[in-house]
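Chain residues, written in single-letter form:
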Amino acid sequence: MSGSLLVLASLSAVSWTLGLSHSSAPTRPAAAMGMFEARHAAVVMGRAERRQADKRNKKTGGRSALSQSSRGRDDVLPRTEVLARLSEIPVFGIKSGAGFLTAEDGAACFYLDAREAERMCSKLSGDVRVEGLPLSEVYFDPKCRLKAADSALRQLETVPPSARLDPKIKVPLFCVDGLQTTDKTTGVASLPLFNCKLELLEFAVQVYGEDLAPKKVLVTDLAVVVSNMINGPAGLLRSARFFPDAKALTWMDEQIARKKTSMFPSQMLSDAPGIPDTLPLGIGGGGGWGGGGLFGGLKDLFPR
């Protein structure tokens, strides 16, 4: 999975900061992110930099001066760090026995929307089931294919071409020009990238207002972001954080509960021995569902 260049550049200082409360709107998930502060940081993403790159390309025979610089080559994230961030995104495959079903070409399909995986599974016969796992476990496997949520693709169509940072977007990631978040517990600032435009807007309207926030939405492709993280230049993507669809996080939470119930049906889940609340994660991840575990503990951000 690869993508074209996405350049991000920081321009000026913070303009304002806003704290968000869990109790403010329990039916509006992203607006209830009490763990984060949202702020405007005057970040310009992509457009001006592409114009400058075009000018340089004419002078360098089509070779971008930025991409040829040592800074561009060195501005990368370790693969383990990229895997850790990808582990915050749940995906859903159709499993039969011990393995995932594959198409005629040998590729297994993993859905970003669990409901789509369930609908496909319901059309199949035999002992099949939907199983969720971190995207980090399959993203770099050439035999795995990623299916964007239909809802995200519909939301992509609402973003004008001038606000699309890549002309061929397959797995949309929505962001707002200048929006940054700060974790209240750690003080770490991040550039939030959302799988769902509506959840991004629930967050962004708290900073920019309902009239301005939709006009500030930009969209890029997951493959572009990952490629820039690994191959450079990473730029502001060094601080990027993925915010998956809240429904996907809820589905994963329920999957863990089902597994506990199936192993210890006669006991309360919290008392089941040998099944910790935090399940181990593979390469590059945290612990599990706890305060900072599987998928970064993001399920606590979204009320059900």
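Residues numbered from 1 in each chain as written. Predicted model: local features only at pLDDT ≥ 70, side-chain atom pairs only at ≥ 80, totals over all residues. Heavy atoms only, no water.

J.: An account of the pattern of salt bridges is requested, with residue identities and associated values reported.
T.: Under the counting rule described, the total for this entry stands at eight salt bridges. The salt bridge involving Glu-88 is made with Arg-241; its shortest N-O contact spans 3.7 Å. You can see Glu-88 sitting in the loop between α4 (79-86) and β5 (90-96) and its partner Arg-241 sitting in strand β14 (residues 240-243), a full 153 residues away along the chain. In this structure, Glu-88 and Arg-241 share a single accessibility class: buried. A salt bridge links Asp-113 to Arg-115; the nearest nitrogen and oxygen atoms lie 3.1 Å apart. Of the residues examined, Arg-115 reaches a relative accessible area of 35% and is grouped as partly exposed. One network of salt bridges, in which partners are shared, links Glu-116, Lys-147 and Asp-150. (Salt bridge = Lys/Arg side-chain N within 4 Å of Asp/Glu carboxyl O. Helix = DSSP H or I, 4+ residues; strand = E, 2+ residues; numbered from the N terminus. Buried < 20%, exposed > 50% of the residue type's maximum accessible area, 1.4 Å probe, protein only.)

J.: Lay out the packing of α4 against helix α8 (residues 222-231) in plain terms, naming residues and giving numbers.
T.: It is the contact of α4 with α8, at a shortest axis distance of 9 Å, that shows an interaxial angle of 150°. It follows that α4 is roughly antiparallel to α8 by the angle criterion. Classified by chirality, the crossing of α8 by α4 is right-handed. Residues Val-82, Arg-85 and Leu-86 of α4 form the contact with α8, whose participating residues are Leu-222, Val-226, Met-229 and Ile-230. Here the contact of α4 with α8 is composed, by residue class, of six nonpolar, no polar and one charged. (Axes fitted to C-alpha atoms, helices over the stretch in contact; angles between N-to-C directions. Parallel < 35°, antiparallel > 145°, perpendicular 65-115°, else oblique. Left-handed = near helix turned anticlockwise from the far one by under 90°. Contact = heavy atoms within 4.5 Å. Nonpolar A, V, L, I, M, F, W, Y, C, P; charged D, E, K, R; others polar.)

J.: An account of a nonpolar patch on the surface is needed here, citing residue identities and associated values.
T.: On the surface, Leu-101, Met-120 and Leu-124 cluster together into a nonpolar patch covering about 220 Å² of accessible area. Mapped onto the fold, Leu-124 is located in the loop between α5 (114-122) and β8 (128-134). (Patch = residues over 30% accessible without salt bridge, like charges linked within 9 Å, V, L, I, M, F, W, Y side chains within 5 Å. Areas by Shrake-Rupley, 256 points an atom, 1.4 Å probe, with all protein chains shown as cover.)

J.: Report on the confidence of the model for the protein chain, specifying residues and quantitative values.
T.: Per-chain confidence: the protein chain averages 73 in pLDDT, with 62% of residues scoring 70 or above. Of all helices and strands in the protein chain, the one with the weakest mean pLDDT is strand β2 (residues 16-19) (28), whereas helix α6 (residues 150-156) scores best (97). Of the regions scoring below 50 in pLDDT, residues 42-57 engages in 38 contacts with residues more than four places distant in sequence or in other chains. Across residues 268-304, confidence stays below pLDDT 50; counting only partners more than four residues off in sequence or on other chains, it has 95 contacts. (pLDDT = per-residue confidence, 0-100.)

J.: Let's hear about helix α7 (residues 197-208): which residues, and what values?
T.: Taken across its twelve residues, α7 has nine buried, putting it largely inside the fold. Here α7 has its buried residues at Lys-197, Glu-199, Leu-200, Leu-201, Phe-203, Ala-204, Val-205, Val-207 and Tyr-208. Immediately beyond the C-terminal end of α7, within one or two residues, lies Gly-209, with a positive phi of roughly 90°.

J.: Tell me about unusual backbone geometry, and name the residues and values.
T.: A cis geometry characterises the amide bond from Gly-232 onward to Pro-233, with omega recorded as -5°. With respect to the element layout, Pro-233 can be found in the loop between α8 and β14.

J.: Give me the lowdown on α5, citing residues and values where you can.
T.: Within the sequence span of α5, burial applies to Ala-114, Glu-116, Ala-117 and Cys-121. One face of α5 carries all of its buried residues, which in axial projection span an arc of 160°. In this structure Asp-113 caps α5, since a side-chain oxygen of it lies 2.8 Å from the backbone nitrogen of Arg-115. (Arc of directions from axis to C-beta. Polar contact = N/O pair within 3.5 Å; in protein donor to acceptor, adjacent residues only side chain to side chain.)

J.: Which residues make up the nonpolar core, and what values go with them?
T.: In this structure, Leu-135, Leu-193, Leu-222 and Phe-242 are the most contacted members of the largest nonpolar core, which totals 51 residues. When residues of this core are assigned to their parent elements, the largest contribution, seven residues, is made by α7. Every residue in contact with Leu-222, bar those within four places of it in the chain, is listed here: Leu-86, Leu-135, Tyr-139, Leu-146, Val-171, Leu-173 and Phe-242. One finds Ile-94, Tyr-111, Val-128 and Met-252 within the second-largest nonpolar core, a separate group that totals eleven residues. (Core = buried A, V, L, I, M, F, W, Y, C linked by side-chain atoms within 4.5 Å.)

J.: Hey, could you go over the environment of Ser-96 for me, with residue numbers and the actual values?
T.: Note that Ser-96 resides in strand β5. By relative accessible area, Ser-96 is classed as partly exposed at 32%. Residues contacting Ser-96, with those up to four places away along its chain left out, are Leu-101, Asp-127 and Val-128.

J.: Run through the packing of aromatic side chains, naming residues and quoting values.
T.: Enumeration over the complete set of coordinates arrives at five aromatic pairs. Ring centres 4.9 Å apart and planes at 65° place the aromatic pair Phe-100 and Phe-110 in the edge-to-face group. Of this pair, Phe-100 sits in strand β6 (residues 99-100) while Phe-110 sits in strand β7 (residues 108-111), placing them ten residues apart in sequence. For Phe-100, a relative accessible area of 26% puts it in the partly exposed group. (Phe/Tyr/Trp six-rings, centres within 6.5 Å; stacked < 30°, edge-to-face > 60°.)

J.: Which residues make up the environment of Ser-190, and what values do they have?
T.: Summarising the element assignment, Ser-190 is placed in strand β12 (residues 189-194). Each C-alpha atom of the pair Ser-190 and Arg-241 lies 6.0 Å from the other, and the pair is 51 residues apart in sequence. Setting aside anything within four residues of it in sequence, one finds Ser-190 in contact with Gln-180, Thr-181, Ser-239 and Arg-241. At 2.7 Å, the side chain of Ser-190 and the side chain of Thr-181 are in polar contact.

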